[in-house]
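Inside the fold
Below, each chain spelled out in residue letters.
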Amino acid sequence: MMFTHPWLASSLKGHSSNITGFDFSPNGKYLASCAEDRTILLWGVKDFSQKEHKYIRANVDLDHAMQVKFSPDSRAFITSLSMANSVRIFKFGKKDDGSLSIQASPEDFQQKHTADVINIGIASSGRFIMTCSKDTTIIVWDLKGEVLSTIDTHQVNNSYGAVSLCGRFVASSGFTPDVKVWEVCFDKSGAFREVTRAFELKGHSAGIYSFAFNGDSTRMVSVSKDGTWKFWNTNIEYAKGQDPYLLQTGKCKHTGRAIIAISHDSRTVTISTAFNISVYSTVTMECEQSIDNPHTGKFIVHSVVHRILQVN
């Protein structure tokens, strides 16, 4: 039976095997999806309402991509490679006929992680790239693939890592019941200076599956094995020792490993588990909508958008 829902904007078909990740471009024009079929497909958002969905294919030679993240200018994206356990950059270009093309950079980043990379990110400032592996390692890179800093999260193992939307912070969660946040600092000339501990989110009673920043990092959310999600005020002077404070705690409608996201304006939160997406209000902390079983398989990733997308 075909899945239907009032919010469903489109069902995109093109991959021949399991999808491992996707990302929307900052300019809102594209969605990139990667899969175990060793391809990355670039879709035009304006075509979602059409019956047929055209895409541009980029091949991932000798490997497959696990995650994909757009650059701030929406003219490139980075991927993490499954077997090489490193990063590959793809850039947009134009063919002779003026149509868009996608080309991989000549060289991948060096393999520095000894455990599998589970998350990647690129700062909105364009100054750095982050990779997070499932041990306790986060690496901050420059755009040319040189290591700027290596962080030991001391969380037994990492379950999630991310770059804040404002481009200032990197953070991790894992086995321990906290989220740790660091600031990546640059001087006035734009040269890298240091990575320094900023603050922690403390209050859960079990390990944290994932977390998210709002648009300007003044609010954060986290979801935990303890069955709750929390809404935090992070508009603080952490350099003076001020700690984030908890605004509210909500109860998760569904149990199991979860990925959480928050809208830029901090009013809406989504939590996806293996087979469901739940939409919550940060005002009432109540679940206002539940999207159940939209896929035949488990969710890999999700994103807060105005409309929910089904990607096959």
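Read on for an overview of the structure. Residue positions within a chain follow its written sequence, with the count starting from 1. Two thresholds apply to this predicted model, a pLDDT of at least 70 for residue-level local features and 80 or more for giving and counting side-chain atom pairs, whereas whole-chain, interface and lining totals are computed over all residues. Side-chain figures throughout are based on the complete set of non-hydrogen atoms in the structure, without hydrogens or water.

**Points about the overall build of the chain**
Our working rule: Strands here are runs of E lasting at least two residues and helices are runs of H or I lasting at least four, both read from the DSSP assignment and numbered beginning at the N terminus. The globule rule used for comparison is 2.2 Å times the number of residues to the exponent 0.38, while the radius of gyration itself is calculated over C-alpha atoms. Under the scheme applied here, a residue whose accessible area is under 20% of the maximum for its type counts as buried, over 50% as exposed, and between as partly exposed, the area being computed with a 1.4 Å probe on protein chains only.
Regarding its fold elements, the chain presents 0 helices and 26 strands. Relative to its length of 312 residues, the chain is compact, with a C-alpha radius of gyration of 19 Å against a globular reference of 20 Å. C-alpha atoms of the chain, sized along the principal axes, occupy 55 × 50 × 30 Å. Each of the 312 residues in the chain was classed as buried or not, and the buried ones make up 53%.

**Some thoughts on the sheet that holds strand β4 (residues 39-44)**
Applied cut-off: Strand pairing is assigned whenever DSSP detects at least two bridges linking the two strands. Think of each axis as a best-fit line through the C-alpha atoms, taken over the contacting stretch in the case of a helix, with angles from 0 to 180 degrees between the N-to-C directions.
Pairing is antiparallel in the open sheet, where 4 strands are placed in the order β2-β3-β4-β5. Pairing within the sheet leaves two strands with one partner each, and these edge strands are β2 (19-24) and β5 (55-59). Averaged over neighbouring strand pairs, the angle between their axes works out to 20° when direction is ignored. Where β4 meets β5, 5 bridges bridge the pair, whose relative direction is antiparallel. Across the sheet, residue Leu42 finds its bridge partner in β5, namely Ile56.

**Quick word on the layout of surface pockets**
Convention followed: Site definitions follow a grid-based scheme: protein atoms alone, a 1 Å grid, a 1.4 Å probe that fits but cannot get out for cavities, and for pockets an open set with protein on both sides within 12 Å along at least five of seven lines, plus lining residues having an atom within 4 Å of a point. Grid points are joined across faces, edges and corners, and a volume is the space filled by probe spheres set on the points. Put simply, Ala, Val, Leu, Ile, Met, Phe, Trp, Tyr, Cys and Pro go in the nonpolar bin, Asp, Glu, Lys and Arg in the charged bin, and everything else, Gly too, in the polar bin.
Each pocket or cavity is described by its volume, and for the second largest pocket that value is around 340 Å³. In terms of lining residues, the second largest pocket is bounded by 18 residues, among which Ser71, Ala76, Ile89, Lys91 and Leu143 are the most central. Residue assignment for the lining of the second largest pocket shows that the elements contributing at least two residues are β7 (76-81), β8 (87-94) and β9 (100-104). Counted by class, the lining of the second largest pocket contains 11 nonpolar, 4 polar and 3 charged residues.

**Digging into the nonpolar core**
Selection criterion: To qualify as a nonpolar core, a set must consist of buried Ala, Val, Leu, Ile, Met, Phe, Trp, Tyr and Cys residues joined through side-chain atoms within 4.5 Å. Any pair of residues with heavy atoms lying within 4.5 Å of one another is described as a contacting pair.
Among the nonpolar cores identified, the biggest contains 16 residues, and Val179, Val181, Phe199, Phe211, Phe213 and Met220 are the most heavily contacted of them. Leaving out residues up to four positions away in the same chain, Phe199 has contacts with Val179, Lys180, Val181, Met220, Thr234, Ile236, Tyr238 and Pro244.

**Things to note about the pairing of strand β24 (residues 276-281)**
The two faces of a sheet get side chains in turn, since along a regular strand they alternate between them. For β24, the tally of buried residues reaches 6 of 6 residues, placing the bulk of the element in the interior. Side-chain alternation along β24 places Asn276, Ser278 and Tyr280 on one buried face and Ile277, Val279 and Ser281 on a second face that is also buried. Across 5 bridges, strand β23 (residues 268-272) lies against β24 in antiparallel orientation. In the sheet register, Thr268 faces β24, and the bridge partner there is Ser281. Between β23 and the antiparallel strand that follows it, β24, lie 3 residues. Examined bridge by bridge, β24 and strand β25 (residues 287-292) share 5 bridges and lie antiparallel to one another. Looking at the pairing, Asn276 lines up with Asp292 of β25. The turn joining β24 and β25, which pair antiparallel and follow one another in sequence, is formed by 5 residues; a positive phi near 65° is taken by Met285.

**Quick word on the sheet that holds strand β17 (residues 192-202)**
Sheet strands pair by backbone hydrogen bonding; their relative direction is either parallel or antiparallel. Pairing within the open sheet is antiparallel, and its 4 strands lie in the order β14-β15-β16-β17. Both edges of this open sheet fall to β14 (158-163) and β17, since each of them pairs with a single strand only. Geometrically, the sheet is characterised by an average inter-axis angle of 20° between neighbouring strands, direction not taken into account. Of the strand pairs in this sheet, strand β15 (residues 169-174) and strand β16 (residues 178-186) are connected by 5 bridges, and their pairing is antiparallel. By the bridge assignment, Ala171 is partnered in β16 with Val181.

**Let's talk about the packing of aromatic side chains**
Selection criterion: The aromatic pairing rule takes the rings of Phe, Tyr and Trp, using the six-membered ring of Trp, and pairs them if the centres are within 6.5 Å, calling planes under 30 degrees apart stacked, those over 60 edge-to-face and the rest tilted.
Counted under the stated rule, the structure contains 17 aromatic pairs. When the ring of Phe22 is compared with that of Phe24, the centres are 6.0 Å apart and the planes differ by 90°; the resulting orientation is edge-to-face. Ring centres of Phe211 and Phe213 lie 6.2 Å apart, and the angle between their planes is 85°; on these two criteria the pair is classed as edge-to-face. There is no split in this pair, since Phe211 and Phe213 are both buried. What links up through ring pairs into an aromatic cluster is the set Tyr160, Phe169, Phe199, Phe211, Phe213 and Tyr238.

**Some points on the pattern of salt bridges**
For clarity, the threshold we go by: By convention in these notes, a salt bridge is any Lys or Arg side-chain nitrogen within 4 Å of a carboxyl oxygen on Asp or Glu.
Inspection of every chain in the model, using the stated rule, returns 6 salt bridges. A salt bridge links Arg168 to Glu183; its shortest N-O distance comes to 3.2 Å. One end of the pair, Arg168, is in the loop between β14 and β15; the other, Glu183, is in strand β16, with 15 residues separating them in the sequence. With a closest N to O distance of 3.4 Å, Lys202 and Glu200 form a salt bridge.

**A look at unusual backbone geometry**
If you check the backbone angles, Asn85 has positive phi at about 55° while not being a glycine. Look at Asn85 and you get buried, because its relative accessible area is 7%. The backbone of Met285 shows a phi angle near 65°, a positive value even though the residue is not glycine. Among the secondary structure elements, Met285 is positioned in the loop between β24 and β25.

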